[in-house]
Each structure stands twice: as C-alpha cells, then as structure tokens.
Amino acid sequence: MLSLLAASIPADPIYWTDFGLKPGIELGFFTLRFYSLAYLIGVIFAYWHTSKMLKQPGAPMAQRHADDLFFYCTLGVILGGRLGYAMFYDQSLWTGFSGDGFVTWKLLRLWDGGMSFHGGLAGVTLAMAYVAWRDKLNFIRVVDYVSVGVPMGMLLGRLANFVNGELWGRVSDVPWAMVFPRAGDLSRHPSQLYQAGLEGLAMLVIMLALFWFTRARYRPGLLAGVFTTGMGVSRFVNEFFREPDQQLADFAARTGLSMGQWLTIPLILTGLIVVFYALRKKPLAAGISAPA
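Residues numbered from 1 in each chain as written. Predicted model: local features only at pLDDT ≥ 70, side-chain atom pairs only at ≥ 80, totals over all residues. Heavy atoms only, no water.

Novice: Quick question: what am I supposed to make of the overall build of the protein here?
Specialist: When helices and strands are counted, the protein shows 10 helices and five strands. Relative to its length of 292 residues, the protein is compact, with a C-alpha radius of gyration of 21 Å against a globular reference of 19 Å. Principal-axis analysis of the C-alpha atoms places the extent of the protein at approximately 60 × 60 × 45 Å. Within the protein, the proportion of its 292 residues that are buried is 44%. A separation threshold of at least 6 residues defines the contact pool for the protein, and within that pool the share at least 24 residues apart is 69%. In the form shown here, the protein has an accessible surface area of approximately 15500 Å², with 69% of it arising from carbon and sulfur atoms. Positive and negative charge centroids in the protein, built from 24 and 18 side chains respectively, lie 15 Å apart. (Helix = DSSP H or I, 4+ residues; strand = E, 2+ residues; numbered from the N terminus. Rg over C-alpha atoms; globule rule 2.2 N^0.38 Å. Buried < 20%, exposed > 50% of the residue type's maximum accessible area, 1.4 Å probe, protein only. Contact = heavy atoms within 4.5 Å. Areas by Shrake-Rupley, 256 points an atom, 1.4 Å probe, with all protein chains shown as cover. Lys, Arg positive; Asp, Glu negative; His and termini not counted. Charge placed at Lys NZ, Arg CZ, Asp CG, Glu CD.)

Laid out in structure tokens, this is it:
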C-alpha cells in the first residue's frame, strides 16, 4: 500500500506558474487585485456575520454600534497593518521614495505590498476600544463578537498571497513543494496555503462553532481569548515553514525565531490569561439585552 502511494507522488516539484494565476481581474481602466478583494470580502463577511450575531440573545451592542465599529475597524486594519509592517519588518518605508506614479512615498504605496498581521490587530483593537469608550459598551464583549469573523479575512488574505506568488515558504523537498518564480529555482513549502488552512479555515470553524453551538458568548473574554491564543499558536507554527523576510533573515538566524514568532509570543500569553479569566468568572444570564 505504501509503495503504491509513493509511486503516485510526483518526483518533480510543482511549478506555481503552471496554475496560470493572475494578481487580479482586468477591468479595462484598472486591475482589481485579489489582495484588495480579500480585504473587502473579509470586512463585508465580518459585518454581515456580526449583524446576525447581534440578533441572538446576549448581544453586547446594537446594530448602530456595529455600523460605526466596522468603519473604524476597516481604518484600523489598513493603517495598523501598514504602520506595523513599516515598524517591525521594513523601516526603509518611512524614508523611501519611488519615482513611478503619483504617490512616491513608499509608506503610502499599499499596492506594492507589505502588511503586518500584528499591526492590523493592534489597529483593530484601538478602533474597538474607541467605539466601546465612546458609546459606553463593554470592551471585552465587543472584542468577543468581532473576533468571530476575523479568520475569514485571514483565510482570504493568505489565499490572495498564494495567487500573487508572494510570502512563499522555506526550501523543502516535500511532495507538494512548489517553485515560485520570484524565489529562485528551489522548491519551497506553499506556506501561504498552510496559513490559510490553520489561521484561516481552522480558526473560522472553531470560532463559529463556539458562538453558535456553545454558550461561550455568555462568558466575557472567552471568544476573544480563544481567538488570540489560537491565532498566535497557528502563526507561531506556520512561521517554521515560512521564509523570513529577506531584510530580517539575519535576525531570525541570530535569535532562532522569526520576527513574526517573537511578536506572536505575547499574543499567546495574553490569550491564555484571558481564557483563564473568562472561565473563572460566572457566566452572564441569557436574558440580558443589548444597549439601545
């Protein structure tokens, strides 16, 4: 049986170019890039699903709060993601300028790529904190509800990375290793798909199951803690297969962990503390009403 399985595995690596993928949809006057589309669909899904959750007993806010929340969260994920990337991964963006196009400051050229998950998470957290403070909402319960839909954005974003042929993995000889045109002739882990599966699909299934099939939403902080811990562990594991950013390769070699892994350790610890806190507290009553 094992010999038949081994015989069925191709000896040659898979070439990314064989998939015929394109970075976007040509609309004549401009190209709608899949990475931008991933952000858009992720935000729309999160807004739609949060609106459905708010119709269930125990909601911590009203629909009008969700409307404001997702406007600020969208700004938070874009600004935070870009500023976080410039701060932790590529400081040259702050002072770099490119002569092509109307916008020359590299920090503002979002279409060139470069977004940080940790920066985006920080931006969204600040957005939620602002709306909760302004409207006198329970911050941790707002985070609980928003966190349920976030993995969908992670799933779509990593799939878009794969379609773009970027953020490839480390050199490998596994049967499903791929050769990416911008990464030389060596076969590599398709780590974008690993991240899509673990940080995206797996976390989405877990979060949806916790909300819809358990009473997790009545334990303030439990959903947020599970999301933070699960996303942190998923990212930490996936970083072992992902090629570090070129400018941070020496940093990873010196410290033994990539920048992404170092930034993820506080997330895991924070998530575990929040889960422990949520499970220690008495659950809320099922009949509580949402703020008007």
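Novice: Is there a simple way to explain the packing of helix α2 (residues 34-54) against helix α6 (residues 139-164) in this structure?
Specialist: The description of two packed helices rests on the angle between their axes and on the distance between the axes. Running from amino to carboxyl end, α2 crosses α6 at an angle of 160°, the nearest separation of the two axes being 8 Å. Classified by the angle their axes make, α2 and α6 are roughly antiparallel. You can see that α2 and α6 cross each other, and the crossing is right-handed. Between α2 and α6, the residues in contact are Phe34, Tyr35, Ala38, Ile41, Gly42, Phe45, Ala46, His49, Thr50, Met53 and Leu54 and Tyr145, Val148, Gly149, Met152, Gly153, Leu156, Gly157, Ala160, Asn161, Val163 and Asn164, respectively. Residue composition of the contact of α2 with α6, grouped by class: 14 nonpolar, eight polar and no charged. (Axes fitted to C-alpha atoms, helices over the stretch in contact; angles between N-to-C directions. Parallel < 35°, antiparallel > 145°, perpendicular 65-115°, else oblique. Left-handed = near helix turned anticlockwise from the far one by under 90°. Nonpolar A, V, L, I, M, F, W, Y, C, P; charged D, E, K, R; others polar.)

Novice: Can you walk me through the nonpolar core in this structure?
Specialist: Nonpolar side chains in soluble globular proteins generally cluster together in the buried interior. Core analysis: the largest hydrophobic core is formed by 34 residues, its most contacted members being Met61, Leu69, Met128, Val142 and Tyr145. Mapped by element, the contributors of at least two residues to this core are α2, α3 (63-88), α5 (117-135), α6, α7 (191-213), α8 (222-238) and α10 (259-280). One finds Ala86, Leu248, Met259 and Leu263 within the second-largest nonpolar core, a separate group that totals nine residues. (Core = buried A, V, L, I, M, F, W, Y, C linked by side-chain atoms within 4.5 Å.)

Novice: I'm lost on the side chain of histidine 49 in this one. Help?
Specialist: Of note, histidine 49 is situated in helix α2. A distance of 3.0 Å separates the side chain of histidine 49 from the side chain of tryptophan 212, its partner in a polar contact. Not counting chain neighbours up to four residues away, the residues in contact with histidine 49 comprise Val148, Leu208 and Trp212. (Polar contact = N/O pair within 3.5 Å; in protein donor to acceptor, adjacent residues only side chain to side chain.)

Novice: Can you help me understand unusual backbone geometry in this one?
Specialist: Trans peptide bonds make up most of the peptide bonds, and negative phi angles are found at most residues other than glycine. Within the chain, lysine 136 stands out as a residue other than glycine whose phi angle is a positive 55°. With respect to the helices and strands, the residue lysine 136 is situated in the loop between α5 and α6. Owing to a relative accessible area of 76%, lysine 136 belongs among the exposed residues under this scheme. One non-glycine residue with positive phi stands out, namely leucine 167, at about 55°. Within the element layout of this structure, leucine 167 appears in the loop between α6 and β4 (178-179).

Novice: I would appreciate a short explanation of the confidence of the model for the protein in the present structure.
Specialist: Detailed reading of the predicted model is not advised wherever pLDDT is low. On average, residues of the protein carry a pLDDT of 87, and 90% of them reach 70 or more. Segment residues 4-9 is flagged for pLDDT under 50; beyond a separation of four residues in sequence, or across chains, it makes one contact in the model. (pLDDT = per-residue confidence, 0-100.)

Novice: Please clarify how the packing of α5 against α6 should be interpreted in this entry.
Specialist: Taken N-terminus to C-terminus, the directions of α5 and α6 make an angle of 145°; their axes are 10 Å apart at the nearest point. Taken as a pair, α5 and α6 cross one another with a handedness that is right-handed. From α5, Phe117, Thr125, Met128, Ala129 and Ala132 reach across to α6, where they touch Phe139, Val142, Val143, Val146 and Met154. Residues of the contact of α5 with α6, tallied by class, amount to nine nonpolar, one polar and no charged.

Novice: Is there a simple way to explain the side chain of arginine 235 in this structure?
Specialist: Mapping arginine 235 onto the fold places it in helix α8. Within the structure, arginine 235 has its side chain in polar contact with the side chain of glutamate 239 (distance 2.8 Å).

Novice: I tried to follow α10 on my own but got confused; where do I start?
Specialist: At 3.6 residues per turn, the α-helix brings residues three or four places apart onto the same side. For α10, spanning 22 residues, the distance from its first C-alpha to its last is 33 Å, which sits close to the expected 32 Å at 1.5 Å a residue. Looking only at α10, the buried set comprises Met259, Gly260, Gln261, Leu263, Thr264, Leu267, Ile268, Gly271, Val275 and Ala278. In this fold, the buried residues of α10 make contact with α3, α5, α8 and α9 (249-255). (Expected span 1.5 Å × (residues − 1).)

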